[in-house]
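Fold and geometry: a report
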Amino acid sequence: MHASSPHRILIGKAGLDGHDRGAKYVAHILRDAGLEVIYTGIRRTPEELVAVALQEDVAAIGISLLSGAHFTVVSRVIELLKENDATDILVFLGGIVPESDIPRLREMGVACVFGPGISARVIVETLLDAIEKTPHSSL
Amino acid sequence: MTISLETLVGQARGNDAVATRAAAKLMSVLENEPQRLPEFLRAAGAETPQPRLILGITGAPGAGKSTFSDALIGEYRRRAPAQKIGVIAVDPSSPFSGGAVLGDRVRMMRHATDPHVFVRSLASRGQLGGLTLGVKGVLRVMGLIGADVVLIETLGVGQSEVDVARVADIVMVLLSPGQGDSVQLLKAGLMEVGDIIVINKADRAGADELHRQVLGALKLQQGTAKRSVALVSSTEKSGFEELLNRIEDHGALHPQRRRENDIGDIREAILEAARRRIIVRLKTEPTLHAALERVARGGEDAESLVQLLLKDGDAPST
């Protein structure tokens, strides 16, 4: 059973909005898909998210954002991952992100963006697929 | 892809950006493959320190374990600012999906960017004994990176969780007001594991009465184990100075006991390695599988199968 240990995923909210229903929903569906979710709660800074991701050895960081601060938050998170030699940790977003911003976010290194109304199945499949495709230094 | 444990051990001992990452990866290896503990010990060397003090924290859901851990970390950081502190927070895995939501960190986030605090969340993964061994591995890595005190937080509801608490030098059982009457205190289990019974949420109504009930219940207990009772409020951070004094007075297990535990860990690692190999062999070798079926139908004794498994050990690596 240990040939495939569950992937570990960090889920947190960055910025000042406190609406965590989406983040909790995603935590729940990932748990039901057999993944281990480290949940950090609301109003986290990029520094906190990356520090937790490193200590917990996660495969991906999922950030829920409704405040419109996605460029600021994402660029800082990715910068910190680079500083820590941890660019194999995926970054994905959920929440309210305008369609027109997605290409630039992907260019910055965001693996996937999940907007409102997307199905649980699609989230799990897209995320697992992205993790599988990432050259991973984990064992 | 397998990274050598030696490389990771070397990186984890450093002070640069990759040190945290390497320590975290070592923890993952020893969580996923706890039978590799001896390999880690060889890579790290005999002089690698272990944490000076290991504190187990257990209690029912909602007793306030994570908030208590947060306050305890704060008190240790205040008292010994140069020392590192580790936290291992165990939450249950779903018996259906195998997944888990590990949420203990939410209450400890003020320490997230403190380089002197290393928090690792573990899912219980429904392992028989394996969880305990995995926790021991993570503890060794905590020692490697210089953690002085390590807190192990578990849900005090299952045998494996109670076992994890027993890994500690001192076990604290958290109780909080409003969780049942004094008859609950008589029931077997929780109260018996604790060296210190901590009444949490002292700021709430009913805490004093619970305190009296616990003292009364302890008087009824026979035997020599000395248990003490502490009253704290984790949200108001009161009572922690006295609690810390008591913890430090109590101190670590006797070095002899620790040495015995170390040998026990290796025994567990060897059993785990053997168990994994046997499972693979029973699944993949047709003759063994056929023998298994004969035993299941009552046509044969299991002893010959055991003999066969013990005799030739050239198993595929896991």
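Residues numbered from 1 in each chain as written. Chains lettered and ligands numbered in written order. Predicted model: local features only at pLDDT ≥ 70, side-chain atom pairs only at ≥ 80, totals over all residues. Heavy atoms only, no water.

**Concerning the nonpolar core**
Core analysis: the largest hydrophobic core is formed by 50 residues, its most contacted members being L26(B), F40(B), I88(B), V135(B) and V214(B). Broken down by element, this core gets its largest block of residues, eight residues, from helix α5 (residues 130-144) of chain B. Excluding residues that lie within four positions of it along the chain, I88(B) makes contacts with R120(B), L122(B), V135(B), V138(B), L139(B), M142(B), V150(B), L151(B), I152(B) and E153(B). Membership of the second largest hydrophobic core comes to 33 residues, among which are V50(A), F71(A), I89(A) and A100(B). (Core = buried A, V, L, I, M, F, W, Y, C linked by side-chain atoms within 4.5 Å. Buried < 20%, exposed > 50% of the residue type's maximum accessible area, 1.4 Å probe, protein only. Helix = DSSP H or I, 4+ residues; strand = E, 2+ residues; numbered from the N terminus. Contact = heavy atoms within 4.5 Å.)

**Some remarks on the pairing of strand β1 (residues 53-59) of chain B**
All names here are of chain B. The buried count for β1 comes to seven of seven residues, which makes it a mostly enclosed element. Looking at chain direction, β1 and strand β5 (residues 147-153) are connected through five bridges and run parallel. Residue L53 lies in a different strand from β5, and its bridge partner there is V149. Examined bridge by bridge, β1 and strand β6 (residues 170-175) share five bridges and lie parallel to one another. Looking at the pairing, G56 lines up with V171 of β6. (Pairing = 2+ DSSP bridges.)

**With respect to the side chain of E272(B)**
Residue and element names in this part refer to chain B. On the secondary structure map, E272 appears in helix α11 (residues 255-284). Here E272 falls in the buried class, since its relative accessible area comes to 8%. Excluding its chain neighbours within four sequence positions, the residues that come into contact with E272 are P34, Q35 and L133.

**Focus on the interface of chain B and chain A**
With 35 residues of chain B at the interface, the matching set in chain A holds 35 residues. Both faces combined, the contact of chain B with chain A buries some 3,100 Å², and carbon together with sulfur accounts for 53% of it. Inspection of the chain B/chain A interface yields five salt bridges. Note that D57(A) is salt-bridged to K25(B), the shortest N-O span being 2.9 Å. For the pair chain B and chain A, the number of links is 18 residue pairs in polar contact (both at pLDDT 80 or more). Elements that contribute at least two residues to the side of chain B that touches chain A include exactly α2 (17-32), β3 (100-102) and β4 (117-123) of chain B. Element by element, the count of residues in the side of chain B that touches chain A is highest for α2(B), at 10 residues. Broken down by class, the residue content of the side of chain B that touches chain A amounts to 17 nonpolar, 11 polar and seven charged. Inspection of the sheet shows strand β2 (residues 36-44) of chain A paired to β3(B) by three bridges, in the parallel sense. In the sheet register, E36(A) faces β3(B), and the bridge partner there is A100(B). (Buried area = accessible area lost by both parts, 1.4 Å probe. Salt bridge = Lys/Arg side-chain N within 4 Å of Asp/Glu carboxyl O. Polar contact = N/O pair within 3.5 Å; in protein donor to acceptor, adjacent residues only side chain to side chain. Nonpolar A, V, L, I, M, F, W, Y, C, P; charged D, E, K, R; others polar.)

**Some remarks on the sheet that holds strand β1 (residues 8-14) of chain A**
An order of β5(A)-β4(A)-β3(A)-β1(A)-β2(A)-β3(B) is seen for the six strands of this open sheet, with the pairing classed as parallel. Of all strands in the sheet, those bounded by a partner on one side alone are β5 (112-114) of chain A together with β3 of chain B. Strand-to-strand twist in this sheet, taken as the mean axis angle between neighbours without regard to direction, amounts to 25°. Of the strand pairs in this sheet, β1(A) and strand β3 (residues 60-65) of chain A are connected by five bridges, and their pairing is parallel. Note on β3(A): the bridge partner recorded for K13(A) is S64(A). Strands β1, β3, β4 (90-95) and β5 of chain A of the sheet are contacted by helix α5 (residues 120-133) of chain A, whose axis makes an angle of about 170° with β5(A). (Axes fitted to C-alpha atoms, helices over the stretch in contact; angles between N-to-C directions.)

**Here we look at the pairing of β6(B)**
All names here are of chain B. Counting buried positions over the six residues of β6 gives six, a clear majority of the element. Taking every second residue as pointing to the same face, both faces of β6 are buried, with I170, M172 and L174 on one and V171, V173 and L175 on the other. In terms of strand pairing, β6 meets strand β7 (residues 196-199) through four bridges, oriented parallel. Within β7, the position partnered with M172 by the bridge is I196.

**Here's the deal with the confidence of the model for chain B**
On average, residues of chain B score 88 in pLDDT, and 90% of them are at 70 or above. In the predicted assembly, ipTM is 0.93 and pTM is 0.91. (pLDDT = per-residue confidence, 0-100.)

**Thoughts on the pattern of salt bridges**
Residues and elements named next belong to chain A. One pass over the full model with this rule turns up 33 salt bridges over all chains. Residue E47 is joined to R76 by a salt bridge in which the shortest nitrogen-to-oxygen separation is 2.8 Å. With E47 in helix α2 (residues 46-56) and R76 in helix α3 (residues 70-83), the pair connects residues that are 29 residues apart, well separated along the chain. Overall, the relative accessible area of 32% leaves E47 in the partly exposed class. Residue classification places R76 among the partly exposed positions, given a relative accessible area of 27%.

**Here's the deal with the packing of helix α12 (residues 286-296) of chain B against helix α13 (residues 302-311) of chain B**
Residues and elements named next belong to chain B. Where α12 contacts α13, the two axes come as close as 9 Å, and the packing angle between them is 160°. By the criterion of interaxial angle, the relationship of α12 to α13 is roughly antiparallel. Helix-helix and strand crossings are classified by hand; for α12 and α13 the assignment is left-handed. Facing α12, whose interface residues are L288, A291, L292 and V295, α13 presents A302, L305, L308 and L309. The class makeup of the residues in the contact of α12 with α13 is eight nonpolar, no polar and no charged. (Parallel < 35°, antiparallel > 145°, perpendicular 65-115°, else oblique. Left-handed = near helix turned anticlockwise from the far one by under 90°.)

**Some words on α3(A)**
Residues and elements named next belong to chain A. Given a rise of 1.5 Å per residue, 14 residues ought to cover 20 Å, and the 20 Å separating the end C-alpha atoms of α3 matches this to within 8%. Buried within α3 we find H70, F71, V73, V74, V77, I78, L80 and L81. Its buried side turned inward, α3 meets β1, α2, β3, β4 and α4 (102-108). (Expected span 1.5 Å × (residues − 1).)

**Description of the environment of I78(A)**
All names here are of chain A. Turning to its location among the elements, I78 is positioned in helix α3. For the pair I78 and P46, spaced 32 residues apart in the sequence, the C-alpha separation amounts to 8.9 Å. Non-local contacts of I78, meaning those with residues more than four positions away in its chain, are made with V91, M108, G109 and V110.

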